[in-house]
Every structure is written in C-alpha cells, then in structure tokens.
Amino acid sequence: MNNAQIVARFELLADLLEFTGANSFRVRAYRNAARTIQGLSQQISDILADKSQKLTDLEGIGKDLADKCQVLVETGQLPQLEEMQKKIPQSVLAMMRIPGLGPKKAAVIYNELKVSTLEELKQACEEKRVRELKGFGAKTEQTILSGIDLAATAEQRTYWAKADRLVQRLKEHLSDVEGIKQLQFAGSYRRGKETVGDIDILVTAKSPDTAMDRLNEFPELSEVIARGDTKMSIRLDNNMQVDLRVVPEESYGAALVYFTGSKEHNVKIRGIAKQHGMKINEYGVFRVEKDGSEQYVAGKTEEDVYKALDLPWFPPELRENRDELKLAEKGLPKLITVEDIVGDMHMHTNATDGKNTLEEMINAAIDKGYQYIAITDHSKRVSMANGLDEERLLAQWKEIDKLKKKFDGKILILKGLECDILEKGGMDMPDKVLEQGEWIIASVHYGQNQSNQQITDRIIGALENPNICIVAHPTGRLINRREAYDVDLDAVFQCAKENNKFVELNANPMRLDLNDIHCHAAQQRGIPIGISSDAHNIEGLEVMRYGIIQARRAGLTKEDVVNTRPWKKIHSLLGR
DNA sequence: GCCGTTTTCGGCCCGACTGTTTTCAGTCG
C-alpha cells in the first residue's frame, strides 16, 4: 500500500469519525497525519523496512497511528475503518460537502430521517421534511437544496493560473474605489498553491460598506452567501467562492497573516504566541497580562506581527508548516524569483506540435531577455505530434547552426530534443545522433500504466545514457486530470545524483511537475532542477512564472536551479 | 490521537456569521 492510499484511508476515517461526533482533536490528529504523509518524499513502507528510521519521528504520528500505518502496509486493510464503513454508508459523507451542512446536522438528517444519499436528501427537502427537525428551518432547507448540486459537482479546485486571471479582474473591479485604502488577495492564491479553492480578499476601507457594495456589483456575481459587518461571501457564475474581509488599519498585517494561512502555519504561530505570553488573532498580536487584560503589541504590517513573535517575515509560499519554522532559526532561504531565470530549455516549434517557427520562438526569447534557449521538439515516437525522425532532426540542427551565427551576440540557441523513452526502455533516437546535440531531454509519454519497476527502470536507463541531460515532467501527472505514473522517485533522484543529471520542474500550469514536495526532496539531495516552459507557442514562454511560484513553495533558491546559470556553467555541471 | 522549557495529564487557535433560538449551536475559514 502506497502513501496516497494510506492518506485516503486516514482522510476517510477522519470524515467518518467526525460524522459520528468523535472528539474534534482526535479527528484533527488523523487529518494531520494524512497531511504529513502526503508531504513525504519517501514511502511509508520503506520507512517501516528501514530499521534506522521510526514513523513516530514524523510530526503528528504517534504510537497509535504508526501502528495503523504498519497494519495498512502489511494487510492493506484497517479493521477500525472496515467497522465504521459497515455502520455508515459512504454516500452520507457527501452530505457534509454541502455548504452549511456539517457533521452535526448531517448526522441528524441521517439518524432522524434515515436519509443517506444526496438524491434522498433532495427529496426530503422538497417534501419539507427537513424543516421539521429540531434546529432546522425553512431557510436551512433552502440552503441545502441549492447546495446539493454544488456538492455533487464541486471538489475540483481551480488551476492557480486561472484563479490569477480572476484575481486580476477582481483587482481591476475594486481598484479605483474611493474609500478602499489597502487591498490584498490572500489565501492559497497568495501562497501560490497549484490549485486554488476560493478567493480571499482583504481590504482596509473608510467604511466596510464601500467595499462590500462594490463587490456586490461584480459582473460575475451569482449570489451573496453572507454579508455581515466586516465579512462578505459571494459565489460567482463559475461556482467559485469569493470572501471579502474588511479590517481596521492597525489590524491589516495580522489579518493578512491570518487570511493567507495556511491554517496549519497559523495554528503553529498561535502556539508560539502562547509560549511568549501573547495571543494572536486577525486583529493583532496582544500581550496577555496577569489580570487577563490584553495589550495590543503589533498588527499593522505582517513584518510587525512576525517580529513580535521573534520570527522573520515568511514569504507566503513557505507558509505550509512544513519546515519553515525550523528554517527560520538559521535564516530563511532567499527564494528564487523570475528575474533569476536566464534561459528556457524546453520548447517546441511548428516542426512538431508547436505553433511558431524557430525564428519566432528565438525572437520571443530575445524579447524576454534570455541568454539562451534550447529547441526541444518531440522525437518520432510521438507521432501524434509529428515527432522528428533522425533525418528531420539533423536538418533542424543544421538550421540551428545557421541561426547560431545569425543571432550571435543576441542569444545562444542550443540544439536539443525531447526524446521519448520507449515503452520497452531505451531512447527513441540512436546515440550516434543524440551525441551531436547539446541538450537532450528524456521523457515518458507512452506506457504510463506500466508497473513501478518498469517505469522506474525506463527513466533510470535514460539518465544513465551519457547523452541525456535531464528528465522532463518526471511523474507525468496532470493536475485534476491524470494521476502521476507509478515511479520510484527516490531511485530516480539517486540515479540523477550519481550521473550528474538534472530533473525538470515543468512550468505548464496543468503539469507543475515535479511538484513542490518533490522539488524540495531533489534540492535536499543536491540535484539541480531545470525550470522549463515546455512552450508550444511564443505565448507559452510566459508560463515560466508559474514554475517559479512552485519552485518558491519548494524553498528553491537561485543556486538550486539550472537555468539561472550561464550555459557554460551548466555544461560543466553535466561534467562535460 | 498527539504532545511536552507548565512533560504522562490536560490541553489542543480563534472569531464572524447564520439560523434558530430567546442565549446559542453549528458551520466556516
């Protein structure tokens, strides 16, 4: 049983426990453990097999959950979970996804009305049976009814890049409003998560109503979920929720910390505040006096808030309660920025499935100020993309040799290829050809359903080939669309390290592969990471910034990344 | 269920908003 499967079991158990009204801290313990495991780059089964390691050393995993992990790995089952699943139909849990319906209310509906599916619940609402329950009313019934479809279709988070476009429209809409002083988008958007659930807006304003009235006029608004003195929630036509919060100026920094999250980071710093005899909430940091009174200490800016707790300001991308607090003790890393990037080493032209010509791509790269680019079209196995065979590739490289002269002094153009790793292993191009190139990428496009062993062997085989420089999108996942293929990244990293090879962070917002956790693991092993656009047209070069955000979440600095260096340095990194 | 510079018990972050009550429980972030 792999980590993802263990995580799913623990999450399900947490849901079931919550539904049965278990101690909420116990529920949280399961969720925390699931989170920790999700963030591991090593398999639980490997840790168990390694006598020098202990599961209980992991944060949030004590004796009990360590035992449960072991049982899961060894038997693939968890008796406690089986028990609960027998008692509670899984369809009941879907009710808890309806906005406004939590575990308590869902349990009442299930126990009193014997309703266990969304379909039955809809019927019960329509027959006005729900409003008869104690603690329920006509309004709640209506909320449930309108939320049922949402619960059925929801669960899909929006790509960061798409959320960003919405944020820009909201920013524009709220920009020239008289009375709004400060405005910032917070939440997972600000932390740069690869997907975003909802949009959080924080403002300071003369009166909350100015901001709320303006949001109320947003053209994409479909309904107002709630509106109080300082807080307003709306839903948009695309079902996305937007929360607006208005705070006083002296609380702006504290509120920004609070609403940027993550929840886990906040819980942690609240604990630290307590140790300091202080309290932190969205209004500020307060010293708690012996008589119980509270004294405002800080809150105007984020820097003030962290400083009051003897902490440095954390870039939002690091606020995940992974290891940022430990890092802070020796000084936070200087995270990479998009300005550090001096070249792009993965792009396609109209020779294969790209839209633009060689020269168009080159000129676009010059406009971006790059020192160099690698032209890396597909190899022939990717027939769908009109992949290059030996003859066409050599012709393209000949052309590039000419262009090298033409663009001399302006930009360096590298002869590259995105060469497929064949299903049976081996490269989709003879070595005698590959060795004439300057930057050969290896990637898996076919046979993605193969076993862990097969896929791992294929990638390792590629990295051991002296002509290969880097493995592209190493896990093959497509966010919200396709799971990663079953690959032993530990073994891949090991091989990359031994052979002076690199791994890619593909900046396409649907890929972002490697993800933040894997990039961090590669960094810790000292494997240089190449951040590439994988552009298929000139506009595609712009996705580099999404890769940078992901890299920042991984804690990468300029030094960890391949294409922050001049080409000559990269050449020597490869041991050439 | 986890955790420990208040250390093996007793905490565990904290406040806004809603709907249903008639002072508050539930939900959410």
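Quick caveat: nothing in here was measured; it's all calculated off a predicted structure.

### Quick word on the protein's contact with DNA strand B
Here is step 1: Neighbouring residues of DNA strand B: 47 residues in total, closest Gly 62, Gly 100, Gly 137, Tyr 258 and Lys 274.
Here is step 2: Each atom of DNA strand B within 4 Å of the protein belongs either to a base or to sugar and phosphate, the latter forming 79%.
Here is step 3: If you list the elements that add at least two residues to the surface near DNA strand B, you get helix H2 (24-38), helix H4 (63-75), helix H6 (103-113), helix H8 (138-153), strand S5 (221-227), strand S7 (241-246), helix H13 (263-275) and strand S8 (278-281).
Here is step 4: With 5 residues, H2 is the single largest residue contributor to the surface near DNA strand B.
Here is step 5: Here the surface near DNA strand B is composed, by residue class, of 16 nonpolar, 12 polar and 19 charged.

### Here's the deal with the packing of aromatic side chains
Here is step 1: If you walk through the whole model with that rule in mind, you get 10 aromatic pairs.
Here is step 2: Between Phe 10 and Tyr 30, the aromatic rings sit 5.9 Å apart at their centres with planes inclined by 80°, giving edge-to-face as the arrangement. Of this pair, Phe 10 sits in helix H1 (residues 3-19) while Tyr 30 sits in helix H2, and the two are 20 residues apart along the sequence. The residues Phe 10 and Tyr 30 share a single accessibility class, namely buried.
Here is step 3: An aromatic cluster is built from Trp 160, Phe 185, Tyr 189 and Tyr 546, whose rings are joined through pairwise contacts.
Here is step 4: In this structure, Lys 105 packs its charged tip against the face of Phe 136, placed 5.7 Å from the ring centre.

### Quick look at the nonpolar core
Here is step 1: Residues Leu 170, Ile 199, Ile 201, Leu 244, Ile 459 and Ile 531 are the most contacted members of the largest nonpolar core, which totals 95 residues.
Here is step 2: With 7 residues, helix H9 (residues 160-175) is the single largest residue contributor to this core.
Here is step 3: When residues of this core are assigned to domains, at least three fall in each of domain 2 (158-246) and domain 4 (338-573).
Here is step 4: Every residue in contact with Leu 244, bar those within four places of it in the chain, is listed here: Ile 201, Val 203, Ala 211, Met 212, Leu 215, Thr 230, Lys 231 and Met 232.
Here is step 5: Counting 51 residues, the second-largest nonpolar core is a separate cluster that includes Ile 6, Phe 19, Val 92 and Phe 136.

### With respect to H1
Here is step 1: With 17 residues, H1 extends 24 Å from end C-alpha to end C-alpha; this agrees with the ideal 24 Å at 1.5 Å per step.
Here is step 2: Regarding H1, the residues found buried are Asn 3, Ile 6, Val 7, Phe 10, Leu 12, Leu 13, Ala 14, Leu 16, Leu 17 and Phe 19.
Here is step 3: Buried positions along H1 lie against H2, helix H3 (44-49), H4, helix H5 (79-87) and H6.
Here is step 4: Structurally, the start of H1 carries an N-cap: the backbone nitrogen of Ala 4 is 3.1 Å from a side-chain oxygen of Asn 2.

### Considerations on the sheet that holds strand S10 (residues 294-298)
Here is step 1: Pairing is antiparallel across the open sheet formed by 3 strands, whose spatial order is S8-S9-S10. This sheet does not close on itself; its edge strands, each paired only once, are S8 and S10. Within this sheet the neighbouring strands show an average axis-to-axis angle of 35°, counted without direction.

### Side note on the side chain of Thr 475
Here is step 1: Among the structural elements, Thr 475 can be located in the loop between strand S15 (470-471) and helix H20 (489-498).
Here is step 2: Look at Thr 475 and you get buried, because its relative accessible area is 4%.
Here is step 3: Residues contacting Thr 475, with those up to four places away along its chain left out, are Ala 484, Tyr 485, Val 487, Leu 489, Asp 513, Leu 514 and His 518.

### Description of the packing of helix H16 (residues 358-367) against helix H17 (residues 390-406)
Here is step 1: In the contact formed by H16 and H17, the axes pass within 11 Å of each other and the chain directions differ by 40°. When the interaxial angle is binned, H16 and H17 end up oblique. Crossing hand, H16 versus H17: right-handed. Between H16 and H17, the residues in contact are Leu 358, Glu 359 and Ile 362 and Gln 396, Glu 399, Ile 400, Leu 403 and Lys 406, respectively.
Here is step 2: Of the residues contributing to the contact of H16 with H17, the split by class is 4 nonpolar, 1 polar and 3 charged.

Rules behind the numbers
- Residue numbers here run from 1 along each chain, matching the order of that chain's written sequence.
- Ligands are numbered from 1 and chains lettered from A, in the order in which they are written.
- Only residues with pLDDT of at least 70 are given local features in this predicted model, and only at 80 or more are side-chain atom pairs given and counted; all residues enter the totals for whole chains, interfaces and linings.
- Hydrogens and waters are ignored; side-chain quantities use all the structure's heavy atoms.
- Put simply, a residue is near a molecule or strand once any heavy atom of it comes within 4 Å of that molecule or strand.
- Secondary structure counts use DSSP, requiring at least four H or I residues in a row for a helix and at least two E residues in a row for a strand, with both numbered from the N terminus.
- Note that Gly is not counted as nonpolar here; it falls among the polar residues with everything else outside the nonpolar set of Ala, Val, Leu, Ile, Met, Phe, Trp, Tyr, Cys and Pro and the charged set of Asp, Glu, Lys and Arg.
- Ring pairs are drawn from Phe, Tyr and Trp, using the six-membered ring of Trp, whenever the two centres fall within 6.5 Å, and their geometry is named by plane angle: stacked under 30 degrees, edge-to-face over 60, tilted for the rest.
- Throughout, exposure labels follow a simple rule: accessible area from a 1.4 Å probe, protein chains only, divided by the maximum for the residue type, with under 20% read as buried, over 50% as exposed, and the rest as partly exposed.
- Two conditions define a charge sitting above a ring: the NZ of Lys or the CZ of Arg must be within 6 Å of the ring centre, and it must be within 35 degrees of the ring normal.
- Here, nonpolar core refers to any group of buried Ala, Val, Leu, Ile, Met, Phe, Trp, Tyr and Cys residues whose side-chain atoms link them within 4.5 Å.
- Each domain's extent was defined by an automatic or database domain assignment.
- We call two residues in contact whenever any of their non-hydrogen atoms come within 4.5 Å of each other.
- Expected span, for any helix, means 1.5 Å times one less than how many residues it has.
- The definition of a polar contact used here is a pair of N or O atoms within 3.5 Å, where within protein one atom must be able to donate a hydrogen and the other to accept one, and adjacent residues in sequence count solely through side-chain atom pairs.
- Pairing between two strands is assigned when DSSP locates at least 2 bridges connecting them.
- Orientation is described by axes fitted as lines to C-alpha atoms, over the contacting stretch for helices, and by angles from 0 to 180 degrees between their N-to-C directions.
- Any angle that falls under 35 degrees is termed roughly parallel, while one over 145 is termed roughly antiparallel, one within 65 to 115 roughly perpendicular, and all others oblique.
- Whether a crossing is left-handed or right-handed is set by the direction in which the near helix is turned from the far one by less than a right angle, anticlockwise for left-handed and clockwise for right-handed.

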